[in-house]
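# A structural walkthrough
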Amino acid sequence: MLGKTLNLGILAHVDAGKTTLTERLLYEAGVIDAIGSVDHGTTQTDSLALEQQRGITIKSAVASFAIGDVAVNLIDTPGHPDFIAEVERVLSVLDGAVLVLSAVEGVQPQTVLLMRALTRLRVPTLMFVNKIDRAGAGYDRVLDEIRVRLTPQIAAMGSVREIGTRAARFAASTAGIAEAVAAGDEALLGAYVDDELSDARAHEQLVAQTAGAAMYPVFFGSALTGAGVDAVMAGIAELLPVTAGDPDGPLSGTVFKVERGPTGEKIAYVRMFSGTLRVRDPHGEQKVTGIGVFDSGTVERRASVSAGEIAKVSGLGDVRIGDAIGADHAGAEHHFPPPTLQTVVVPRRPEEKGALRVALTQLAEQDPLIDVRQDDRLEEISVSLYGEVQKEVIDATLASEYGLDVTFEDATPIYIERPLGTGHAVEVLHAESNPFSATIGLRVDPAPDGSAVEFRLRVDRRTAPLYLYKTVESFSEHMAEYVRQALRAGPSGWEVMDCVVTMTECAYSIPDGPPSRRGPRSTAADFRKLTPLVLMQALERAGTVVCEPLVRVSLELPANAIAAVMRELARLGGAIDGPSVEGGLARVETVVPAVRVHELQRHLPVLTGGEGVLESSFAGYQALDM
Ligand SMILES: Nc1nc2c(ncn2[C@@H]2O[C@H](COP(=O)(O)OP(=O)(O)OP(=O)(O)O)[C@@H](O)[C@H]2O)c(=O)[nH]1
Ligand SMILES: [Mg+2]
């Protein structure tokens, strides 16, 4: 076994070359003898039939290799925005990342989104500017774009010769490093200006700043020809910090992927942060029955998995993505936009409704954002969607894995509700209207758009039921969770967002208390079940407004298609930015309701002679005029 483990994510905009780079790294590390190709469906990490047919990554996949004494678990992620949820779940298990860019396309919309998340989570990250072999590849231009749109804190790790040709090469160089690391540090800057900053000290600084996510080393190369891959590989081992977790510490891990094995059994991918998980260890009602640890291209069966490692764990039938193994750690935070559309799925054979529900529920275990909803009255099953490609993937998966033939009704928006004003409600112990043994007062106030939900506990700590929750902090966390659950459906049935919920009153009953509080000892269930009743009253008093998701659309089209496209955009009701025309290509930006994007996508080929390119990104919510 190797001493050090590095869990490394490969992230990028769709088609930048993540899977091709992964394949190259596995080859250079000696794990595979021949380099597979995305275009022929022969790579290690695009192993699903659908991925091979379409030439895109749909699910995150783990591959492992060694660089010197560092065991690298590489996680190849999808770049298509419809599968952003896959990336989100991987983010929390990474020690480091390689953000891949294309030297031709430069910084793309998804690159910006990913970089924002990596920065927020302070994940040490290297950049790899790929495709230097392609005509139109840039060097200075891409570095400038990175500085302006991603971060100014970069260090170019070398230069490129014969760029834009098949013979393009990357020449590693330390020339730019001293200046880069000195830029943000006065003492270093002094030494640099006086020409006293040695290469060794600059390198040391580079390692430290990269580990602190304060510096982003930039490599160039081509995953296709192999140029620069040795340099970025050395960078991965030298510049990214390996995990330091205590194998004897308290048990703590995260499930970041769930798949089903050949016989339908669930397999959980677990990243361990602390402690050691062993075969036969319990998890809830179940027991771990098998552990496989990634090891240079294969999965090695082991009796245990320890802090820092990633393993495939079987035996946990109820496990879901995002579950904690052992002690809880930082909860699931959302870094990317939510799905904005939902669609009703209808089996072509009506008698297959039950089978469809089971199949979709299983798919949702692997992808919780699919969020299967069942309308019992209408006997409808609907799923949330990011977009058309995800819908096609669900369609194909239902057909191939479950033998189910389905149709999708037209997608409709997933609305949200926001409070219009302030609303306050209280349910008091023993009151006629209160079916539970607890007093809860909650106030709802509107919060700025995009601020999600905040919970504040503003009650005298002596009124908190600490015999149930031990500490005030724990009580507050549990109440916050009850509130979040309750906000999943507001008065109009949509998730309530952008509000502050304040707990203003609290009391519990005890058998030997004063008359006003005498009664059976309140339970956690009393607090959990009373919360939604009080909150709904408060929301009704506040009033809520239903809002629809918006999407910013950027279009690139031949200049002669401008008129037709502008007419279409006007019809869809978007406020239009542009067009700006450069060398026969026009760019137009607009913000339209999410539900309109598909229409635009469908019409675009006709409107632009097949040459239009559409990119879309979530742009917040806007009140419906009703
Ligand atoms: N010329 C050239 N083409 C490349 C290079 N790297 C990847 N490609 C091609 O770019 C396309 C996309 O490559 P992938 O490796 O699938 O990209 P990806 O980032 O994994 O794509 P998704 O996972 O679907 O987001 C394929 O046709 C590759 O052959 C490169 O360095 N040079
Ligand atoms: Mg890929």
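Below you will find a few notes about this structure.

Parameters at a glance
Residues numbered from 1 in each chain as written. Chains lettered and ligands numbered in written order. Predicted model: local features only at pLDDT ≥ 70, side-chain atom pairs only at ≥ 80, totals over all residues. Heavy atoms only, no water. Helix = DSSP H or I, 4+ residues; strand = E, 2+ residues; numbered from the N terminus. Rg over C-alpha atoms; globule rule 2.2 N^0.38 Å. Buried < 20%, exposed > 50% of the residue type's maximum accessible area, 1.4 Å probe, protein only. Contact = heavy atoms within 4.5 Å. Areas by Shrake-Rupley, 256 points an atom, 1.4 Å probe, with all protein chains shown as cover. Patch = residues over 30% accessible without salt bridge, like charges linked within 9 Å, V, L, I, M, F, W, Y side chains within 5 Å. Salt bridge = Lys/Arg side-chain N within 4 Å of Asp/Glu carboxyl O. Near = heavy atom within 4 Å. Polar contact = N/O pair within 3.5 Å; in protein donor to acceptor, adjacent residues only side chain to side chain. Pairing = 2+ DSSP bridges. Axes fitted to C-alpha atoms, helices over the stretch in contact; angles between N-to-C directions. Parallel < 35°, antiparallel > 145°, perpendicular 65-115°, else oblique. Left-handed = near helix turned anticlockwise from the far one by under 90°. Nonpolar A, V, L, I, M, F, W, Y, C, P; charged D, E, K, R; others polar. Donors = N, O, S within 2.8 Å, 3.2 Å for Na, K, Ca; no water. Arc of directions from axis to C-beta.

Let us look at the overall build of the chain. Assigned secondary structure in the chain consists of 16 helices and 34 strands. Here the chain has a C-alpha radius of gyration of 27 Å; the compact-globule value for 626 residues is 25 Å, and the two agree. With respect to the three principal axes, the spread of C-alpha positions in the chain is 85 × 65 × 60 Å. Classification of the 626 residues of the chain by burial places 51% in the buried group. For the chain, restricting intrachain contacts to residue pairs at least 6 apart in sequence, the fraction spanning at least 24 positions comes to 72%. When the accessible surface of the chain is totalled, it reaches about 28300 Å², and 50% of it is carbon and sulfur.

Moving on: a nonpolar patch on the surface. Nonpolar side chains collect at one region of the surface, where Leu 189, Tyr 192 and Val 193 lie side by side and expose about 260 Å² of accessible area between them. Topologically, Leu 189 is positioned in helix 7 (residues 186-193).

Looking now at the site of ligand 1. Ligand 1 sits among 20 residues. The nearest are Lys 18, Thr 20, Asp 39, Thr 57 and Asp 133. The backbone of Gly 79 places a nitrogen or oxygen atom 3.0 Å from an oxygen atom of ligand 1. Contacts to ligand 1 include Leu 224, whose backbone N or O atom sits 3.2 Å from an oxygen atom. Protein contacts shield 91% of the accessible area of ligand 1, which totals 650 Å² for the unbound molecule.

Here the focus is the sheet that holds strand 28 (residues 453-457). Consider a sheet: its strands pair through backbone hydrogen bonds, and that pairing is either parallel or antiparallel. Spatial ordering of the open sheet is given by 26-27-30-28, a layout of four strands whose pairing is mixed. The open sheet is flanked by strand 26 (423-427) and strand 28, the only strands paired with a single partner. Each neighbouring strand pair of the sheet contributes to a mean axis angle of 15°, computed without reference to strand direction. Pairing of strand 26 with strand 27 (residues 438-446), which is carried by five bridges, proceeds in the antiparallel orientation. In the sheet register, His 424 faces strand 27, and the bridge partner there is Arg 443. Of the strands in this sheet, strand 27, strand 28 and strand 30 (499-508) touch helix 13 (residues 472-486), which is tilted by about 140° from strand 28. Contacts from helix 14 (residues 524-542) reach strand 26, strand 27 and strand 30 within the one sheet, and its direction differs from that of strand 27 by about 40°.

This paragraph deals with the packing of helix 10 (residues 353-366) against helix 11 (residues 388-402). Across the interface, helix 10 lies against helix 11 with an axial gap of 11 Å and an inter-helix angle of 115°. When the axes of helix 10 and helix 11 are compared, the pair comes out roughly perpendicular. Seen from above, helix 10 lies across helix 11 with right-handed handedness. Where helix 10 approaches helix 11, its residues Leu 356, Ala 359, Leu 360, Gln 362 and Leu 363 are matched on the opposing element by Ile 394, Thr 397, Leu 398 and Tyr 402. Grouping the constituent residues of the contact of helix 10 with helix 11 by class yields seven nonpolar, two polar and no charged.

Moving on, we get to unusual backbone geometry. For Arg 280, which is not glycine, the phi torsion reads 80° and is therefore positive. Relative to the elements of secondary structure, Arg 280 occurs in the loop between strand 12 (276-278) and strand 13 (282-283). With phi around 45°, Asp 371 is a residue other than glycine that occupies positive phi space. Take Asp 371: it is sitting in the loop between helix 10 and strand 21 (373-375).

In this section: the pattern of salt bridges. Within the structure shown, the criterion is met by 33 salt bridges. With a shortest N-O distance of 2.9 Å, Arg 302 and Glu 309 are connected by a salt bridge. Here Glu 388 makes a salt bridge to Lys 391, at a shortest N to O gap of 3.7 Å. Here Lys 391 and Glu 388 lie together in helix 11, a separation of three residues that amounts to about one turn. Given a relative accessible area of 25%, Glu 388 falls into the partly exposed group.

In this section: the coordination of the magnesium ion (ligand 2). Every protein donor of the magnesium ion (ligand 2) is listed here as Thr 19 (OG1) and Thr 57 (OG1), and their distances to the metal cover 2.0 Å. Placement of the pair is Thr 19 in helix 1 (residues 18-28) and Thr 57 in the loop between helix 2 (49-54) and strand 2 (61-67), with a sequence separation of 38 residues. Judged on exposure class, the residue Thr 19 and its partner Thr 57 are both buried.

If you check which residues of helix 15 (residues 562-572) are buried, you get Ile 562, Val 565, Glu 568, Leu 569 and Leu 572. Down the axis of helix 15, the sector holding all buried residues measures 130°, keeping them to one side. Across from the buried face of helix 15, at angles greater than 90 degrees, the exposed residues are Arg 567 and Ala 570. Contacts made by the buried residues of helix 15 are with strand 31 (544-558), strand 32 (575-582), strand 33 (585-593) and helix 16 (597-607). Immediately downstream of helix 15, the backbone of Gly 573 shows phi near 85°, a positive value.

Attention now moves to the sheet that holds strand 6 (residues 154-156). Here we have seven strands laid out as an open sheet, ordered 2-3-1-4-5-9-6, and mixed in their pairing. Among the strands making up the open sheet, the edge pair consists of strand 2 and strand 6. Strand-to-strand, the axes of this sheet are offset by a mean angle of 25°, without reference to chain direction. Of the strand pairs in this sheet, strand 1 (residues 4-12) and strand 4 (residues 96-102) are connected by five bridges, and their pairing is parallel. When the sheet's bridge partners are listed, Leu 11 is paired in strand 4 with Leu 99. Running over the sheet, helix 5 (residues 140-149) touches strand 4, strand 5 (125-130), strand 6 and strand 9 (216-220) and is turned about 170° from strand 6.

What follows covers the packing of helix 13 against helix 14. Interaxial distance between helix 13 and helix 14 falls to 9 Å at its minimum, and their mutual angle equals 45°. For the element pair helix 13 / helix 14, the angle class is oblique. Crossing geometry of helix 13 relative to helix 14 is assigned as right-handed. Of the residues in helix 14, those in contact with Phe 475, Met 479, Tyr 482, Val 483 and Ala 486 of helix 13 are Ala 524, Phe 527, Arg 528, Thr 531, Pro 532, Leu 535 and Met 536. Looking at side-chain class alone, the contact of helix 13 with helix 14 contains 10 nonpolar, one polar and one charged residues.

Bear in mind that shape data such as this cannot, by itself, settle questions of function.
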